[in-house]
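One letter stands for each residue in the lines below.
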There are 2 protein chains.
Amino acid sequence: MTDNSPRTVRDLGEFALIERMNAGRSYGPGVLVGPGDDAAVIAAPAGRYVVSTDMLVQDRHFRLDWSRPEHIGAKAIAQNAADVVAMGAAPSAFVVSLGCPADTAVDFVDGLVDGMWAEADRAGAAIAGGDVVHSPQVVISVTAFGDPREHSVLRSGASPGDVVAVAGRLGWSAAGLAVFTTGANRDAFPEVVAAHRVPQPDYAAVLELPATAAVTAMTDISDGLLADLGHIAESSTVRIDVDAAAVADPALRPVAEALGAEALSWILTGGEDHAFAATFRAGTPLPAGWRRVGRVCSGSGVTVDGASWAGAPGWESFVDG
Amino acid sequence: MTDNSPRTVRDLGEFALIERMNAGRSYGPGVLVGPGDDAAVIAAPAGRYVVSTDMLVQDRHFRLDWSRPEHIGAKAIAQNAADVVAMGAAPSAFVVSLGCPADTAVDFVDGLVDGMWAEADRAGAAIAGGDVVHSPQVVISVTAFGDPREHSVLRSGASPGDVVAVAGRLGWSAAGLAVFTTGANRDAFPEVVAAHRVPQPDYAAVLELPATAAVTAMTDISDGLLADLGHIAESSTVRIDVDAAAVADPALRPVAEALGAEALSWILTGGEDHAFAATFRAGTPLPAGWRRVGRVCSGSGVTVDGASWAGAPGWESFVDG
């Protein structure tokens, strides 16, 4: 059987590849000029827009033998969308730069782009443009845009007495990573493996917050609960105390037991689940999707049941691990 | 003499590095929320904004032995700013992601960031945020934003009879690249070597176009004059004929003679100078900074003095070269 279809991006060429990446996509009313010119034009009905950008590098942020291209694409979009949503903004568009070797299979790029669009859809926005370049390994850079509410929700508004709450899972991605790195049977723990491959930020928990919700500060958890609450504590000049019993997750217990690991450590320091953490003014009811995990006190830093946490608080880019 | 100052990004750590990159910078009124939260917030007074993104990879788009870090940073910003300006928009902000090895010298990052800010200043905008990650070689991804005029200048508006004009140098970067690749004496040709290291787009030639200038289509020249005019020809369904005598540049002649090369080939197919090419309605005077290089005809494709150009029209990402 003969197959003359192009198999690698070198066979296809840059311009045909870009055309293929954009074929059949629809951009929605927020993308005023889409791919095909020097730049895209995006609507900003509020007269301002929220921007976040993240780079993902092969073997550092994903592995081609652990994840399908659809997973990698979805993860790249999700982690950027989560940053925009954590500002209290609704995702409006994404732009994506892709670096890859010339012998990358076109099928790989197809899967990657499909995964990106699937997650962009879930976040309610389109991919408005990008760039493809030649690089020794796969590198993905995503910039996400959002339409802000009247007031952006910063990290700096927490006050002593506020309730700390979380929307979304904690420690699942770290548990999945542990399954991969220890060589444990992936099929035995499909939920955490899936959570590591593709985070599923609960965008709706933030975007559907009622106007009456007294949110004082918010962030997404990308470096680990303690590290990211640390950013709120520092920006707001407060201490945050986490309630270990409140963050415990029975679903992680069998994984931790099988791996001889500590589920609490995954929960407190594992990044990449892209749950949202926020502080709410005391005495206001927590909105749907949110659960209480601690409280804001005077002081500085983050504590767990009143004491310092002994381990590293979370991810750091230039440390091996 | 003992020096305990951190020398590599691993020594310094991610968060201290980001703090150092942002120290002492001022952001201007268009950056409503700058670095330090989940996302930046940028003003869009027109109710919409222009976006362009490009990735630069070490040894593909720049070489550490050919360019100083200041050059690389300036080039990364310039090529993105040029795309925004080519839409007829004034640069308003940039975000930057940087991937680099853990043993990258902090001095290198300092130089890179200084070069970025210098060119961002020249383009009239600030760097509002970004990301730093660990990667096997230096990768820079820039996203540039701009405030559009009333109407964006697309590639699709050229009509037969229009005059084709250029603002900025053509072929200088390609001549500089030829000096590097042939091992010629760099000191003998400092202008083209400098042009290869850092393009100097003539932003003002576009941003100060009088309201009466009858521009029908515009692009920046990043892939080569023929390739980029080809994008206008295709989008506008016209043919563009380039006048070889009009694009000739006596300054390139001594370089071409010394290298046994063809200056016209650099001029027609060399990318990276980020000159601007535009079409103007016939009979309107060319504004300051612009020179006539050809005309728009009916038909398709790009010709030189009425004939097809025999060589490749310009840069293609997945072809070695």
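Conventions adopted
Note that residues are indexed from 1 along each chain, following the sequence as it is written. Whichever chain is written first is A, and whichever ligand is written first is 1; the rest continue in order. Per-residue local features are limited, in this predicted model, to residues with pLDDT of at least 70; the limit for side-chain atom pairs, both in listing and counting, is 80 or more; totals at the level of whole chains, interfaces and linings are taken over all residues. Note that the side-chain values use all heavy atoms of the structure and ignore hydrogens as well as water. UniProt positions are given in the numbering used here, feature names are shortened, and annotations may be inferred rather than shown by experiment. Put simply, DSSP H or I for four residues or longer makes a helix, DSSP E for two residues or longer makes a strand, and each gets a number counted from the N terminus. Throughout, radius of gyration means the C-alpha value; the globule benchmark is 2.2 Å times the number of residues raised to the power 0.38. For the exposure calls, accessible area comes from a 1.4 Å probe over protein chains only, and a residue counts as buried if that area is under 20% of its type's maximum, exposed if over 50%, partly exposed in between. Contact criterion: two residues are considered in contact whenever any of their non-hydrogen atoms come within 4.5 Å of each other. Surface exposure here means Shrake-Rupley accessible area, sampled with a 1.4 Å probe, where a residue is shielded only by the protein chains that are shown. A residue counts as positive if it is Lys or Arg and as negative if it is Asp or Glu; His and the chain ends are not included. To locate a charge, take NZ of a lysine, CZ of an arginine, CG of an aspartate or CD of a glutamate. Pairing between strands requires that DSSP locate at least two bridges from one strand to the other. Every axis in this analysis is a line fitted to C-alpha atoms, fitted for helices over the stretch in contact. Angles between the N-to-C directions lie between 0 and 180 degrees. Crossing handedness follows the turn of the near helix against the far one: under a right angle anticlockwise gives a left-handed crossing, and clockwise gives a right-handed one. Any angle that falls under 35 degrees is termed roughly parallel, while one over 145 is termed roughly antiparallel, one within 65 to 115 roughly perpendicular, and all others oblique. For this classification, the nonpolar set comprises Ala, Val, Leu, Ile, Met, Phe, Trp, Tyr, Cys and Pro, the charged set comprises Asp, Glu, Lys and Arg, and every other residue, Gly included, is treated as polar. A least-squares superposition brings the copies together, and it is based on the C-alpha atoms of residues with pLDDT no lower than 70 in both. Where a domain begins and ends is set by an automatic assignment or by a domain database. By buried area we mean how much accessible surface two parts lose on assembly, using a 1.4 Å probe and totalling the loss over both. By salt bridge we mean one thing: a side-chain nitrogen of Lys or Arg within 4 Å of a carboxyl oxygen of Asp or Glu.

As annotated in an unreviewed UniProt entry, chain A is Thiamine-monophosphate kinase from Nocardia vermiculata. Regarding chain A, the relevant UniProt record gives this comment under Function (unreviewed entry): "Catalyzes the ATP-dependent phosphorylation of thiamine-monophosphate (TMP) to form thiamine-pyrophosphate (TPP), the active form of vitamin B1."

The next thing to look at is the overall build of chain A. Looking only at helices and strands, chain A has 11 helices and 12 strands in total. Computed over the C-alpha atoms, the radius of gyration of chain A is 21 Å, within 12% of the 20 Å expected from 2.2 N^0.38 for a compact globule of 321 residues. Projected onto its principal axes, the C-alpha positions of chain A cover 65 × 50 × 30 Å. Within the span of chain A, comprising 321 residues, buried residues form 58% of the whole. When contacts within chain A are restricted to residue pairs at least 6 apart in sequence, long-range pairs at least 24 apart make up 84% of them. Counting only carbon and sulfur atoms, one obtains 51% of the accessible surface of chain A, whose full area is about 12400 Å². Charge separation in chain A, taken as the distance between the mean sites of 21 positive and 39 negative side-chain charges, equals 4 Å.

What follows is about the UniProt feature "binding site: ATP" (unreviewed entry) in chain A. Mapped onto the present numbering, the UniProt feature "binding site: ATP" (unreviewed entry) falls on Gly130, Asp131, Arg155 and Ser222 of chain A. Across 93 residues of sequence, these annotated residues are also dispersed in space, with a maximum C-alpha separation of 31.9 Å. By the secondary structure assignment, Asp131 of chain A is in strand β5 (residues 126-134). When neighbours within four sequence positions are excluded, Asp131 of chain A is seen to be in contact with Val96, Ser97 and Leu98 of chain A together with Thr53, Asp54 and Met55 of chain B.

Residue and element names in this part refer to chain A. Within the open sheet, the 6 strands sit side by side as β8-β10-β7-β11-β9-β12. Their pairing is mixed. Strands at the two margins of the open sheet, each flanked by one partner only, are β8 (215-220) and β12 (301-304). With strand direction ignored, the average angle separating the axes of adjacent strands in the sheet is 25 degrees. Bridge count for strand β7 (residues 163-167) against strand β11 (residues 291-297) is 4 bridges, and the pairing is antiparallel. By the bridge assignment, Ala165 is partnered in β11 with Arg292. Helix α3 (residues 69-85) contacts β8 and β10 (276-280) of the sheet and is inclined by roughly 165 degrees relative to β8.

With that settled, the discussion passes to the packing of α3 of chain A against helix α4 (residues 106-123) of chain A. For any two helices packed against each other, the geometry is given by the interaxial angle and the distance between the axes. Residue and element names in this part refer to chain A. Relative orientation of the contacting elements α3 and α4 amounts to 35 degrees, with a least axis distance of 6 Å. As α3 packs across α4, the resulting crossing turns out to be right-handed. The segment α3 lies against α4, with Pro69, Glu70, Ile72, Gly73, Ala74, Ile77, Ala78 and Ala81 engaging Phe108, Gly111, Leu112, Gly115, Met116, Glu119, Ala120 and Ala123.

So, on to the packing of helix α5 (residues 172-182) of chain B against helix α6 (residues 190-197) of chain B. All names here are of chain B. Remark: α5 packs on α6, axes separated minimally by 7 Å, with the N-to-C direction vectors making an angle of 105 degrees. Put simply, α5 runs roughly perpendicular to α6. Contact with α5, carried on its side by Trp172, Ser173, Ala175, Gly176, Leu177, Val179 and Phe180, involves Glu191, Val192, Val193, Ala195, His196 and Arg197 of α6 and no other residues of that element. Looking at side-chain class alone, the contact of α5 with α6 contains 8 nonpolar, 3 polar and 2 charged residues.

Let us look at the relation of the copies chain B and chain A. If you rotate chain B by 180 degrees and push it 0.0 Å along the axis, it lands on chain A with an RMSD of 0.0 Å. What the superposition gives is, in effect, a two-fold axis relating one chain to the other. Across chain B, the rotation axis passes nearest the C-alpha of Gly47 of chain B, at a separation of 2.4 Å. Comparing interface residues between copies, 99% of those in chain B also sit at the interface in chain A, which points to an isologous, same-surface contact.

Quick look at the sheet that holds strand β1 (residues 31-33) of chain B now. As a general point, the strands of a sheet are linked pairwise by backbone hydrogen bonds and lie either parallel or antiparallel. Sheet architecture is open: 6 strands sit in the order β5(A)-β4(A)-β6(A)-β3(A)-β2(B)-β1(B), paired in mixed fashion. Two strands lie at the open edges of the sheet, namely β5 of chain A together with β1 of chain B, each paired on one side alone. Here the average twist between neighbouring strands, direction ignored, is 25 degrees. The pairing of strand β3 (residues 48-57) of chain A with strand β6 (residues 139-148) of chain A spans 8 bridges and is antiparallel. Looking at the pairing, Leu56 of chain A lines up with Ile140 of chain A of β6 of chain A. Along the sheet, α3 of chain A makes contact with β3, β4 (89-100), β5 and β6 of chain A, crossing β3 of chain A at roughly 145 degrees.

On to the domain arrangement of chain A, then. Residue and element names in this part refer to chain A. Examined at the domain level, chain A breaks down into domain 1 (9-147) and domain 2 (162-308). Using only C-alpha atoms to locate each centre, domain 1 and domain 2 end up separated by 26 Å. Across the contact, 21 residues belong to domain 1 and 19 residues belong to domain 2. Summing the contributions of domain 1 and of domain 2, the shared interface buries around 1700 Å²; its carbon and sulfur component is 63%. The largest per-residue losses of area from domain 1 upon contact with domain 2 belong to Trp66, Lys75 and Arg122, which jointly make up 38% of the total buried on that side. For the pair domain 1 and domain 2, the interface holds 1 salt bridge. The partner of Lys75 in a salt bridge is Glu272, and the shortest N-O contact between them spans 3.0 Å.

So, about the side chain of Asp131 of chain B. It turns out Asp131 of chain B is buried and unbridged, and the closest side chain with the opposite charge, Arg155 of chain A, is 10 Å from it. Leave out the neighbours within four places in its chain, and Asp131 of chain B touches Thr53, Asp54 and Met55 of chain A together with Val96, Ser97 and Leu98 of chain B.

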